[in-house]
Amino acid sequence: MDFDLSKPQKLLKESARALLARECGAGRVRELMETETAHDEGLWRALAEQGWTGLLVPEAQGGLGLGLVEMAAVAEEMGRACLPGAFLSTLFAAALVERAGSAEQRAKYLEPIAAGELKATVALLEESASWDADALKLEASRGGGGFNLKGRKLFVPDAGVADVLVCVARDGDSLVLLPVARGAEGVTVKPMPSMDATRKLYEVRFEGVSVAESYVLGADGDARGALQGASEVATAVLCAEMVGGMQWVLDTTVEYAKTRQQFGRPVGSFQAVQHMCADMLLMTESARSAAYYAAWALTERDPSARAAVSVAKAYCSDAYREVANRGVQVHGGIGFTWEHDLQLYYKRSKSSETLFGDATFHRERIARLVMSDE
Amino acid sequence: MDLNLTPSEREFRDEFRAWLGENVPAEWAGGGGGSEDRAEYIEYLRAWQRKLYDGGWAGISWPKEFGGRGATLLEQAIFQEELARANAPQLVGTIGLSLVGPTIIALGTEGQKARHLPQILSGDEIWCQGFSEPNAGSDLAALGTKAARDGEDFIINGQKIWTSFAQMADWCLLLVRTDAEAPKHKGITCLLADMHAAGVTVRPLRQMSGDSGFNEVFFSDVRIGPSQVLGEVNKGWTTAITALMNERANLGTGIQVVFKRQLEALIARSKTVERDGRPASEDPLVRQKLAQAYLELEILRLNTNRALTSLSKAGAPGAEGSIQKLYWSEMNQRTQQYAQEILGPYGQLKEFDKGAWEYAYLRTRGNTIEAGTSEIQRNIIAERVLGLPKSY
Ligand SMILES: Cc1cc2nc3c(=O)[nH]c(=O)nc-3n(C[C@H](O)[C@H](O)[C@H](O)COP(=O)(O)OP(=O)(O)OC[C@H]3O[C@@H](n4cnc5c(N)ncnc54)[C@H](O)[C@@H]3O)c2cc1C
């Protein structure tokens with residue numbers, strides 16, 4: 001057993017850090033968060049040139065075909081940089097296509113995604129804001145050799161820039177996955193301005209949007225399984241991203257505590273401050289163990305994978321928020337300003353907390369898995 | 001990164017699993033209340049350690065030449081996981097096995113090794129750790145138990161306190177002051193002290209849990225020969241640090257056995273106690289708490305595996321021990337509080353599940369104090385891991 005990144009994995013992580021420092025410094029993040037979509041074509045191209053938009057995409061579809069541990073290593077650096085834009089949304093949609101799509105559909109979406117020519121998102125949440133597939137209400141009606149969509153989705157990340165929105169709808173008791181072009185007739189996308197401006201949310205309205213049968217993903221009937229599998233992948237990647245954010249907050253805070261002087265000594269020499277920092281380290285490292293284990297268990301199809309993802313997300317959701325909290329506290333007034341970059345991470349910790357289900361949601365999933373009598 | 005066991009790790013696991021299958025006492029059902037002072041219980045555990053020893057499964061981390069198996073750190077973790085899986089009793093001589101033995105291996109003379117190591121492995125010698133004193137707790141180097149020279153011998157006078165297992169111990173890893181003039185870290189010596197020697201008095205202290213886990217130990221003109229110095233005279237601080245590092249470096253692998261069993265028992269109990277006319281296990285808040293306890297324990301396991309990987313690459317134990325100690329002690333207190341919330345007044349009863357919950361809740365209160373308080377662990381993490389300036 002070796003619970004550490006291998007040499008190539010470490011190199012990948014280092015190169016990700018270097019590239020993101022170059023292409024996505026805090027100044028760039030701030031510029032992008034002021035834009036409508038937080039998307040930057042140049043930055044996207046840079047990610048695609050590294051192969052990252054297709055890191056998980058099988059080689060047959062032009063991707064790198066790497067595993068989730070490699071993805072987690074890169075995602076950690078993305079979280080450290082607070083990377084804005086549609087990377088995670090596209091990854092989620094791609095994971096869904098990979099699981100639910102026919103060979104033809106996989107080629108159609110995954111190849112351009114890997115090449116950086118297509119961005120996508122999954123339109124899932126509704127008014128209930130629940131991540132539970134059973135809570136979905138939007139009904140896709142059958143007709144005209146396909147499905148018709150009428151209704152709305154909320155909290156859809158990056159819908160303003162995604163070329164394709166995969167809408168998860170109900171077809172009686174089962175689910176259907178309907179890819180819709182953002183520009184299609186009857187689709188309106190409206191921003192839902194929210195706390196974290198680096199990851200934009202949208203309301204998406206469908207007014208009589210028709211999707212031909214041949215477009216429907218998961219025609220073999222396991223849309224639910226595909227959604228669950230893809231959600232687990234995206235959740236594990238988000239957790240790794242959260243770890244990177246925590247690490248940035250920890251590093252920045254410790255550095256500040258070493259230099260900021262009060263009462264004639266560095267504030268980091270006060271135990272009240274030291275102990276906050278020690279707790280931040282403990283939480284960051286624990287989150288890292290949980291996130292990489294989830295990534296590994298999914299890659300290996302370990303029987304514990306499902307629980308591992310929920311363990312990671314439940315823990316990271318609470319831990320990132322708490323690390324960011326203490327980070328601001330140790331900084332004092334400067335930490336509460338718009339100028340200081342901590343605000344970016346403070347907000348990202350909040351938006352990440354709820355994305356793909358908060359700690360409460362995942363604890364209930366854990367309870368179901370470990371308390372059953374089987 | 002590969003969390004699968006290597007073929008040799010798997011072989012090790014299978015061998016131990018098979019041994020446990022044949023040897024775990026059938027009547028052992030988790031130990032019930034498990035308070036630490038019941039003589040019968042201790043004798044039972046001693047017999048169990050003897051059995052492990054005879055099978056070659058005691059002190060597996062020790063080098064082969066000293067009766068161990070030279071097991072890797074990861075094999076030690078596997079060993080603990082298998083003990084848990086088999087619901088086996090814990091080992092009684094833990095201070096000897098995890099703290100004294102490795103320190104003797106590192107710093108002891110050939111005579112000391114030959115005299116003590118086999119006895120520690122077999123459970124024939126129970127050891128205690130005589131470090132803390134009434135005026136030297138967190139500031140251990142302030143200890144004042146006096147060792148005066150009489151020719152080659154040392155004459156010991158003074159008092160130790162909070163000494164766990166002293167009431168049953170045969171030997172004590174004892175820190176004494178041999179040079180009162182030197183700076184406090186430079187006048188300490190570590191001795192191997194016979195607890196049955198003339199002038200040693202043990203007075204059990206009752207813990208809040210009602211049992212007498214720890215004791216006061218008084219030394220009155222106790223004579224100890226020069227062959228009993230572990231390490232060098234006036235270099236006892238180095239010996240003490242070696243011992244404490246080893247204490248923390250077992251990284252809580254052993255204690256996870258107990259936690260896992262307790263959590264399983266709590267989940268089972270949640271299905272029988274009621275809340276609003278339904279099994280507590282159906283109550284959403286109870287489910288949240290059980291899931292939180294589960295995930296925190298799972299993270300302890302994962303943190304341990306990561307620490308073991310980094311330790312086996314780095315060699316000597318470092319600050320990982322402080323991170324682990326801080327985490328498991330605070331986690332254990334939270335978990336026992338969840339248990340109390342779920343069980344309600346039953347959790348406080350001395351006869352419900354043989355008082356296991358009442359005992360566990362009280363006993364865990366000591367976890368953040370013993371083996372270095374949480375505050376001291378946080379100081380260590382802040383200064384040695386994060387490099388923050390010293391606070392004092
Ligand atoms: C169940 C149990 C078993 C034990 N078994 C043994 C044993 O077998 N052998 C043995 O030698 N000892 C043993 N001990 C003693 C234990 O190691 C000490 O209790 C511990 O080191 C704390 O010392 P103290 O009790 O003197 O508290 P103090 O050191 O007086 O501490 C009091 C409070 O002040 C805080 N504090 C002290 N110094 C600092 C600092 N520098 N920075 C911040 N906060 C500080 C502490 O965290 C604590 O909250 C045991 C204790 C318990 C509870």
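Placed above this text is the structure.
First, a word on what this report is: a plain description of the structure on this page.

**Observations concerning the overall build of chain B**
Regarding its fold elements, chain B presents 11 helices and 9 strands. Along the longest, intermediate and shortest principal axes, the C-alpha atoms of chain B span 75 × 50 × 45 Å. Of the contacts formed within chain B by residues at least 6 apart in sequence, a portion of 70% connects residues at least 24 apart. Summed over its atoms, the accessible surface of chain B is roughly 16900 Å², and 52% of this surface lies on carbon and sulfur atoms.

**Focus: the packing of helix α3 (residues 73–85) of chain B against helix α7 (residues 253–270) of chain B**
The description of two packed helices rests on the angle between their axes and on the distance between the axes. All names here are of chain B. Between α3 and α7, whose axes approach to 9 Å, the crossing angle comes to 25°. In this view, α3 runs roughly parallel relative to α7, as classed from their interaxial angle. Classified by chirality, the crossing of α7 by α3 is right-handed. Taken together, the residues of α7 that come into contact with α3 (itself represented by A77, Q80, L83 and A84) are T253, G254, V257 and R261.

**Quick notes on the sheet that holds strand β1 (residues 120–123) of chain A**
Residue and element names in this part refer to chain A. The mixed open sheet is built from 3 strands, whose spatial order is β1-β4-β5. The open sheet has two edge strands, β1 and β5 (174–181), and neither has a second partner. The sheet shows a mean angle of 25° between the axes of neighbouring strands, taken without regard to direction. Pairing between strand β4 (residues 164–171) and β5: 8 bridges, direction antiparallel. The residue of β5 that forms the bridge with L165 is V180. Taken strand by strand, helix α5 (residues 87–100) contacts β1, β4 and β5, and its axis lies near 75° from that of β1.

**Some thoughts on the state of the cysteines**
Covalent bonding between the sulfur atoms of two cysteines is what defines a disulfide. Taken as a whole and assessed by the stated rule, the structure comprises 0 disulfides over all chains. With no disulfide partner, C172 of chain B has as its closest neighbouring cysteine sulfur the one in C128 of chain B, 3.8 Å distant.

**A look at the pairing of strand β3 (residues 146–157) of chain A**
Taken residue by residue, a regular strand's side chains alternate between the two faces of the sheet. All names here are of chain A. Pairing geometry for strand β2 (residues 140–142) and β3, over 3 bridges, is antiparallel. Bridging from a neighbouring strand, A140 pairs with L149 of β3. Where β2 folds back onto β3 in an antiparallel hairpin, the turn is made up of 3 residues, including G144, whose phi is positive at roughly 60°. The pairing of β3 with strand β7 (residues 201–212) spans 10 bridges and is classified as antiparallel.

**Here's the deal with the pattern of salt bridges**
Applying the stated criterion across every chain, the model contains 60 salt bridges over all chains. The partner of R80 of chain A in a salt bridge is D251 of chain A, with the nearest N and O atoms 3.1 Å apart. Here the residue R80 of chain A occupies a position in helix α4 (residues 68–81), and D251 of chain A occupies one in helix α7 (residues 223–259), the gap between them amounting to 171 residues. One network of salt bridges, in which partners are shared, links K13, R17, E76, E77, E285 and R288 of chain A together with R306 of chain B.

**Quick notes on the interface of chain B and chain A**
Each partner contributes to the interface: chain B provides 45 residues, whereas chain A provides 47 residues. Summed over both sides, the interface of chain B with chain A buries roughly 4300 Å², with 64% coming from carbon and sulfur. The tally of links between chain B and chain A comes to 5 salt bridges. Our count for the chain B to chain A interface comes out at 27 residue pairs in polar contact (both at pLDDT 80 or more). Looking at the side of chain B that touches chain A, the elements with two or more residues in it are α7, α8 (284–314), α9 (320–343) and α11 (374–385) of chain B. For the side of chain B that touches chain A, the element with the most residues is α8 of chain B, which contributes 16 residues.

**Concerning the side chain of R287 of chain B**
Looking at where R287 of chain B falls in the secondary structure, it is placed in helix α8. Not counting residues up to four positions away in its chain, the partners in contact with R287 of chain B are E364, A367, R368 and M371 of chain A together with S281 and E282 of chain B.

**Thoughts on the environment of R269 of chain B**
Of note, R269 of chain B is situated in helix α7. Placed 65 residues apart in sequence, R269 of chain B and R334 of chain B show a C-alpha to C-alpha distance of 18 Å.

**Brief notes about the side chain of D158 of chain A**
All names here are of chain A. Examined against the element boundaries, D158 turns out to sit in the loop between β3 and β4. Despite its burial, D158 remains without a salt bridge, the nearest opposite charge being carried by R199 at 5.2 Å. In contact with D158, other than residues within four places in its own chain, are G85, A86, S89, K200 and Y202.

**Topic: helix α10 (residues 342–354) of chain A**
Residues and elements named next belong to chain A. Between its first and last C-alpha, α10 extends 19 Å over 13 residues, near the 18 Å set by a 1.5 Å rise per residue. Along α10, the positions that sit buried rather than exposed are L342, Q343, L344, Y345, K347, R348, S349, S352 and E353. Taken together, the buried residues of α10 touch α2 (26–33), α4, α7 and α9 (305–331). F356, located one to two residues past α10, shows a positive phi value of around 60°.

**Concerning the sheet that holds β2 of chain A**
All names here are of chain A. Taking strand neighbours across the sheet as the criterion, the 4 strands line up as β2-β3-β7-β6 in an open arrangement whose pairing is antiparallel. Of all strands in the sheet, those bounded by a partner on one side alone are β2 and β6 (187–191). Taken over all neighbouring pairs, the strand axes of this sheet differ in orientation by 10° on average, direction set aside.

**Focus: the site of the ligand**
Residues in close proximity to the ligand total 19 residues, the closest being Q129, S132, S138, W162 and E375 of chain B. The site occupied by the ligand is bordered by residues of chains A and B. Between the ligand and Q271 of chain A, the relevant distance is 2.9 Å, taken from a nitrogen atom to a side-chain nitrogen or oxygen of the residue. Its free accessible area being 970 Å², the ligand has 70% of it covered by the protein chains. Here the shell around the ligand takes 3 residues from α11 of chain B, the largest share from any one element. Here the residues of the shell around the ligand are counted per class, giving 7 nonpolar, 9 polar and 3 charged.

About the thresholds
- Residues numbered from 1 in each chain as written.
- Chains lettered and ligands numbered in written order.
- Predicted model: local features only at pLDDT ≥ 70, side-chain atom pairs only at ≥ 80, totals over all residues.
- Heavy atoms only, no water.
- Helix = DSSP H or I, 4+ residues; strand = E, 2+ residues; numbered from the N terminus.
- Contact = heavy atoms within 4.5 Å.
- Areas by Shrake-Rupley, 256 points an atom, 1.4 Å probe, with all protein chains shown as cover.
- Axes fitted to C-alpha atoms, helices over the stretch in contact; angles between N-to-C directions.
- Parallel < 35°, antiparallel > 145°, perpendicular 65-115°, else oblique.
- Left-handed = near helix turned anticlockwise from the far one by under 90°.
- Pairing = 2+ DSSP bridges.
- Disulfide = S-S within 2.5 Å.
- Salt bridge = Lys/Arg side-chain N within 4 Å of Asp/Glu carboxyl O.
- Buried area = accessible area lost by both parts, 1.4 Å probe.
- Polar contact = N/O pair within 3.5 Å; in protein donor to acceptor, adjacent residues only side chain to side chain.
- Buried < 20%, exposed > 50% of the residue type's maximum accessible area, 1.4 Å probe, protein only.
- Lys, Arg positive; Asp, Glu negative; His and termini not counted.
- Expected span 1.5 Å × (residues − 1).
- Near = heavy atom within 4 Å.
- Nonpolar A, V, L, I, M, F, W, Y, C, P; charged D, E, K, R; others polar.

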